[in-house]
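Each chain, written out:
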Amino acid sequence: MTAPLTPPHRPTPDDADPWPAPPEPSAALIMADMDKDDEDTDVRADLRDAGIVLAAVTLAGVGLGLLWLWLAPRVQLVARDGSVFLVDTEGEAAVGADGAFVLLALGFGAVSAAGVFWFRRRGGVLLVAALALGGVFASLLAWGVGTWLGPSRDVAERAREVGDGVPFDAFLELHAWGALLAWPVAAMVVHLALTALFGPRDPEPEWPPYHPSEPRDGDDEGRA
């Protein structure tokens with residue numbers, strides 16, 4: 001007499017793994033994570049480029065200040081009997097200093113906008129904001145450099161140094177504070193024009209080819 005054969009062991013629900021494996025992520029979730037990573041990378045790149053533009057444009061204000069100091073017309077003063085007078089009471093040198101600053105700032109604004117557009121052609125809000133803010137900082141820096149390196153603001157001390165009857169230059173200053181906005185305004189206008197003319201264009205939408213045998217939407221509506 002032989003012993004009955006033991007049937008093969010079959011797994012029961014109790015033998016199943018109590019910790020089931022997590023479901024595999026779908027393709028949509030993977031694509032969403034990839035898009036989010038790409039957006040984070042773009043934001044970091046925008047912030048980096050905006051910082052570079054802000055620093056470069058601001059430092060360019062040193063060049064504007066030196067050119068303004070060199071090219072701006074000077075107001076001549078003269079001391080007589082302990083008082084200081086204008087050499088030319090009808091001169092327009094003071095207005096000419098403001099005009100020289102504005103013209104130079106417009107040129108620097110146009111050049112900086114062209115440089116930023118060449119640096120990154122596709123632009124961006126952060127890049128344009130850095131260009132405008134850098135233009136304001138550059139104008140302030142140029143004004144500070146020109147007045148600091150220019151003639152002394154102590155007119156009385158300067159008059160005592162040169163003596164009576166000897167003309168000397170008055171300190172350099174801006175009378176029209178709106179001149180500080182010439183750089184950012186010119187930069188915005190030129191950058192907008194370059195972007196409109198030479199900036200990248202959005203791709204045209206691809207429409208499926210139309211076959212004459214297929215009914216049109218208007219035809220279906222008319223028949224209904």
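On a predicted model such as this, the values are computed, not experimentally measured, just so you know.

A. Just the overall build of the protein, in detail. Regarding its fold elements, the protein presents seven helices and three strands. Each helix (α) and strand (β) of the protein, taken in turn from the N terminus, gives the series α-α-β-β-α-α-α-β-α-α. A buried classification covers 26% of the 224 residues belonging to the protein. When the accessible surface of the protein is split by element, carbon and sulfur atoms take 64% of a total near 15,900 Å².

B. Fine view of the packing of helix H3 (residues 93–119) against helix H6 (residues 182–198). Contact pair H3 / H6: the axes reach a minimum separation of 7 Å and the direction vectors enclose 35°. Crossing hand, H3 versus H6: right-handed. Contacts from Val102, Ala105, Leu106, Phe108, Gly109, Ala110, Ser112, Ala113, Ala114, Val116 and Phe117 in H3 reach Ala182, Trp183, Ala186, Ala187, Val190, His191, Leu194, Thr195 and Phe198 in H6. For the contact of H3 with H6, the class distribution of residues is 16 nonpolar, four polar and no charged.

C. Region of the structure containing the sheet that holds strand E2 (residues 83–86). Across the sheet, three strands lie side by side as E2-E1-E3; this open sheet has antiparallel pairing. In the strand order of this sheet, the two ends are held by E2 and strand E3 (168–169), each with one partner. Here strand E1 (residues 76–80) pairs with E2 via four bridges, running antiparallel. When the sheet's bridge partners are listed, Ala79 is paired in E2 with Val84.

D. Quick look at the pattern of salt bridges. Per the stated rule, a full pass over the model turns up five salt bridges. A salt bridge links Glu157 to Arg160, with the nearest nitrogen and oxygen atoms 2.7 Å apart. Within this pair, Glu157 and its partner Arg160 are both found in helix H5 (residues 155–162), separated by three residues, close to a single helical turn. Residue class for Glu157 comes out partly exposed when judged on its relative accessible area of 33%. In this structure Arg160 comes out as exposed when scored by relative accessible area, which is 60%.

E. Just the pairing of E1, in detail. Judged from the two bridges that link them, E1 and E3 form a sheet pairing that is antiparallel. The residue bridging Leu77 from the neighbouring strand is Phe168, located in E3. Hairpin connection, E1 to E2: the antiparallel pair is bridged by two residues, and Asp81 has positive phi, about 55°.

F. Local environment of the side chain of Ser139. Within the secondary structure, Ser139 is located in helix H4 (residues 125–149). The exposure class assigned to Ser139 is buried, which follows from its relative accessible area of 0%. Sequence-distant contacts of Ser139, that is, excluding residues within four places in its chain, are made with Phe101, Leu180, Trp183 and Pro184.

G. A look at the confidence of the model for the protein. Confidence along the protein averages 79 in pLDDT terms, with 70% of residues attaining 70 or more. Helix H2 (residues 61–71) holds the highest mean pLDDT among the elements of the protein, 96, whereas helix H7 (residues 217–223) holds the lowest, 50.

H. Here's a closer look at H5. Among the residues of H5, the N-terminal cap falls to Asp154, whose side-chain oxygen and the backbone nitrogen of Glu157 are separated by 3.3 Å. A positive backbone phi angle near 95° is found at Gly163, which sits one or two residues after H5.

I. Geometry of the environment of Arg121. Locating Arg121 in the fold gives a position in the loop between H3 and H4. A residue is classified by how much of its surface remains accessible, and Arg121, at 42% relative accessible area, is partly exposed. In sequence terms Arg121 and Phe198 are 77 residues apart; their C-alpha atoms lie 8.3 Å from each other. Beyond its immediate stretch of four places on either side in the chain, Arg121 contacts Phe198 and Pro200. A distance of 3.5 Å separates a polar side-chain atom of Arg121 from the backbone oxygen of Phe198.

J. How the structure looks around the environment of Arg120. In this fold, Arg120 is placed in the loop between H3 and H4. On the accessibility criterion, Arg120 (10% relative accessible area) is buried. As a C-alpha pair, Arg120 and Asp46 span 74 residues in sequence and 10.0 Å in three-dimensional space. Contact partners of Arg120, with chain neighbours within four places excluded, come to Ala45, Asp46, Asp49 and Leu127.

Reading the values: rules and limits
- Residues numbered from 1 in each chain as written.
- Predicted model: local features only at pLDDT ≥ 70, side-chain atom pairs only at ≥ 80, totals over all residues.
- Heavy atoms only, no water.
- Helix = DSSP H or I, 4+ residues; strand = E, 2+ residues; numbered from the N terminus.
- Buried < 20%, exposed > 50% of the residue type's maximum accessible area, 1.4 Å probe, protein only.
- Areas by Shrake-Rupley, 256 points an atom, 1.4 Å probe, with all protein chains shown as cover.
- Axes fitted to C-alpha atoms, helices over the stretch in contact; angles between N-to-C directions.
- Left-handed = near helix turned anticlockwise from the far one by under 90°.
- Contact = heavy atoms within 4.5 Å.
- Nonpolar A, V, L, I, M, F, W, Y, C, P; charged D, E, K, R; others polar.
- Pairing = 2+ DSSP bridges.
- Salt bridge = Lys/Arg side-chain N within 4 Å of Asp/Glu carboxyl O.
- pLDDT = per-residue confidence, 0-100.
- Polar contact = N/O pair within 3.5 Å; in protein donor to acceptor, adjacent residues only side chain to side chain.

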